[in-house]
Each structure stands twice: as C-alpha cells, then as structure tokens.
Amino acid sequence: MAVVADVLFDTAMAREMWTRVCKARRECTEAWVLSAEFEKVHGSEANARKVYRHASQRLLDNPERLFDKWIAFEYGCGSLPDICSASHTINLQRRLIQRRAEREGRANLFSAADDSAEAKPGNKRQRVSSQSCLPEPEAQAVSATDAAASNTVLYVSNLPPSFGSQDVESLLGGRHSVSKVTMLEANRDMAPQGQAKVELASIDAIVAALDKNGLKINGHFVSIHTFKPNRQPRDAAKTATIEVRGFSPETGNKKIEQ
C-alpha cells in the first residue's frame, strides 16, 4: 500500500486496499493499526480517528495494542475532548471484554464440572472469581471522569421495521436502564429506517447493551455501537487551563507552546 501511495501517488487506491484488508481480517489488530497509520500520513487525522474508533468496537485478537496506539495518537494529534472521548470508548470496551471473559470462564468451568467423572451430585459448584477470568492486562474500570466527559449514548441500527421506541427500550434493559430513545427517520416523509439513538442511565447499562451487538431479531442482525460525538470546535479546548512553572525568564511564548 505504501508503494501505491508514495510511488504511484494513488491515495484513493491505497485506501481502498486497506479497507479490503480490514474487512477480510476483521479480528487482526495489526491490520487496523496500519490502516490508521496510513490515514494519519496520507489522509487526515479525522480519518485515522474514525479507523481507531471503528476498530475498537471489533472483536480483535489484541485489543490492548489498538487501545494503546489510539491513546498515543490522540495525545499527539488530538484535543482534550478527543482524548476524553477516546478514553471513554476504550474503557467501555475493556468492561465489555471483561464481561465476556467472565461469562466464558463460568461456562467453561461449569462444563468441566459436568463432564468430570469425579464430580459428586451432592456437591455445590465452586464460585468463579471475577479476577480469575480477566484478560491480560486486567480490564480497567470506567472512572467518574471518563463517564462525565462523554455522553452515555448508543447508536442502534438494522432494527426490524416494526420496531418502535418501546421495543428498543425493552431490548436494551427497560426503563431502569434506558433514559431516552430517539428513533431516527430516513427522509422528510418520516419513514422508519430501523435506527435509533439511545441514552442509557449508567455505564453498566451501556456495557450490557453493547454486549447485545449482533443479536438476531426477526432476521435482522442488530448493530449497537457507541454514538459518534459531534465534533467540538478547537476553542473548546481553551476551557482547560494549566499552570506552567520553573522556566527561565528568557523563555518565549513559542518555546512554551512547544
């Protein structure tokens, strides 16, 4: 791809090739990382950010590598809202990975207990420690700062045409989990398009909802992802103020900016 972009000067063709590679190897972390780095060099920071965000919600073979690369990218190129948004999405995915690992760990343990010839029918099954099933490195909990920095909103698509707001609410946990459901319309005729924006009541509700991504309902594989935040203006970063001390009197503004 680098030859196509650097030698043939065909960025569009190189981008199409990376898109095909990522579609063919959806679980390959390295493919997504290289695609994002290509966009950073030959495309734009916004395109690279889209690749990282999209890849973070995939079932990757090495998600922590992608998370580290995304955070490093945002600290180098992004603004404060970009860093907060990326951290929030990453921590949600870590919670989701932890949830799945714990569920698979319990299922494997119970299956082994059932198949064991030495198991006695009167014995109680041993409880599974949540720490024994955590992936390495251990999934990190979502901090209050991350929760406040990003809205608890999910984007749901590919819903059956008959689905309304109440159906979406029931799908994602009911009134105790869902704060608001907004059905998205396709055109001016207000025709349903099977998409909704859902505000959740808590981080745990978001993780539980994301765990239902890919659920098949009436022949439709429902897609559930974190809602892409609106791009905030660069002036928003100026609301965060830091104090710098210890520099020499002859230090100019340009050196401080650097």
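Note that this is a predicted model, so its numbers are computed, not measured. (Residues numbered from 1 in each chain as written. Predicted model: local features only at pLDDT ≥ 70, side-chain atom pairs only at ≥ 80, totals over all residues. Heavy atoms only, no water.)

Caption draft 1: Region of the structure containing the nonpolar core. Counting 23 residues, the largest nonpolar core has Leu159, Val168, Leu172 and Val198 as the members making the most contacts within it. Within the residue set of this core, elements represented by two or more residues are α6 (80-115), β1 (153-157), α8 (165-171), β2 (178-185), β3 (192-200) and α9 (203-210). Ranked by residue count, the leading element in this core is α9, at 6 residues. Those residues within four positions of Leu172 in sequence are excluded, and the remaining contacts are Val156, Ser177, Val178, Val198, Leu200, Ala209, Lys212 and Ile224. (Core = buried A, V, L, I, M, F, W, Y, C linked by side-chain atoms within 4.5 Å. Buried < 20%, exposed > 50% of the residue type's maximum accessible area, 1.4 Å probe, protein only. Helix = DSSP H or I, 4+ residues; strand = E, 2+ residues; numbered from the N terminus. Contact = heavy atoms within 4.5 Å.)

Caption draft 2: Here's a closer look at the packing of aromatic side chains. For the structure shown, the criterion picks out 2 aromatic pairs. Ring centres 6.4 Å apart and planes at 5° place the aromatic pair Tyr52 and Trp70 in the stacked group. Residue Tyr52 is located in helix α4 (residues 45-56), and its partner Trp70 is located in helix α5 (residues 63-77); the two are separated by 18 residues in the primary sequence. The buried category is assigned to Trp70, whose relative accessible area is 0%. An aromatic cluster is built from Tyr52, Trp70 and Phe73, whose rings are joined through pairwise contacts. (Phe/Tyr/Trp six-rings, centres within 6.5 Å; stacked < 30°, edge-to-face > 60°.)

Caption draft 3: Looking closely at the pattern of salt bridges. Going through the model one piece at a time under the given rule, you end up with 11 salt bridges. With its nearest N and O atoms 3.3 Å apart, the salt bridge here joins Arg20 to Glu16. Taken together, the positions of Arg20 and Glu16, both in helix α2 (residues 11-24) and 4 residues apart, correspond to about one turn of that helix. The exposure class of Arg20 is exposed, given its relative accessible area of 58%. Across the salt bridge formed by Asp82 and Arg49, the nearest N and O atoms sit 3.5 Å from each other. (Salt bridge = Lys/Arg side-chain N within 4 Å of Asp/Glu carboxyl O.)

Caption draft 4: Representation of the environment of Cys28 within the structure. Structurally, the position occupied by Cys28 is in the loop between α2 and α3 (29-42). Of the residues examined, Cys28 reaches a relative accessible area of 13% and is grouped as buried. On a C-alpha basis, the gap between Cys28 and Asp61 in space is 5.9 Å, while along the polypeptide they are 33 residues apart.

Caption draft 5: Summary view of the packing of α4 against α5. Across the interface, α4 lies against α5 with an axial gap of 10 Å and an inter-helix angle of 155°. In terms of orientation, α4 lies roughly antiparallel with respect to α5. Relative to α5, the crossing made by α4 is left-handed. In contact with Glu45, Ala48, Arg49, Tyr52, Arg53, Ala55 and Ser56 of α4, α5 contributes Leu66, Phe67, Lys69, Trp70, Phe73, Glu74 and Cys77. Among the residues making up the contact of α4 with α5, the classes are represented as 8 nonpolar, 1 polar and 5 charged. (Axes fitted to C-alpha atoms, helices over the stretch in contact; angles between N-to-C directions. Parallel < 35°, antiparallel > 145°, perpendicular 65-115°, else oblique. Left-handed = near helix turned anticlockwise from the far one by under 90°. Nonpolar A, V, L, I, M, F, W, Y, C, P; charged D, E, K, R; others polar.)

Caption draft 6: Structural detail: the packing of α3 against α4. Closest axis-to-axis distance for the α3/α4 pair is 7 Å, and the angle between their directions is 165°. Relative to α4, the element α3 lies roughly antiparallel. For the pair α3 and α4, the sense of crossing is left-handed. Counted together, Trp32, Val33, Ser35, Ala36, Glu37, Glu39 and Lys40 of α3 and Asn47, Ala48, Val51, Tyr52, His54 and Ala55 of α4 form the full contact between these two elements. Residue classes in the contact of α3 with α4 are distributed as 7 nonpolar, 3 polar and 3 charged.

Caption draft 7: Looking closely at unusual backbone geometry. Look at Asn158: it is not a glycine, yet its phi comes out positive at around 60°. Structurally, Asn158 is set in the loop between β1 and α8. You can call Asn158 partly exposed: its relative accessible area is 37%. Not every positive phi belongs to a glycine, and Asn218 is a case in point at roughly 50°. For Asn218, the position within the fold is in the loop between β4 (216-217) and β5 (220-221). By relative accessible area, which is 61% here, Asn218 ends up exposed.

The quantities given are spatial measurements derived from coordinates; they are silent on function.
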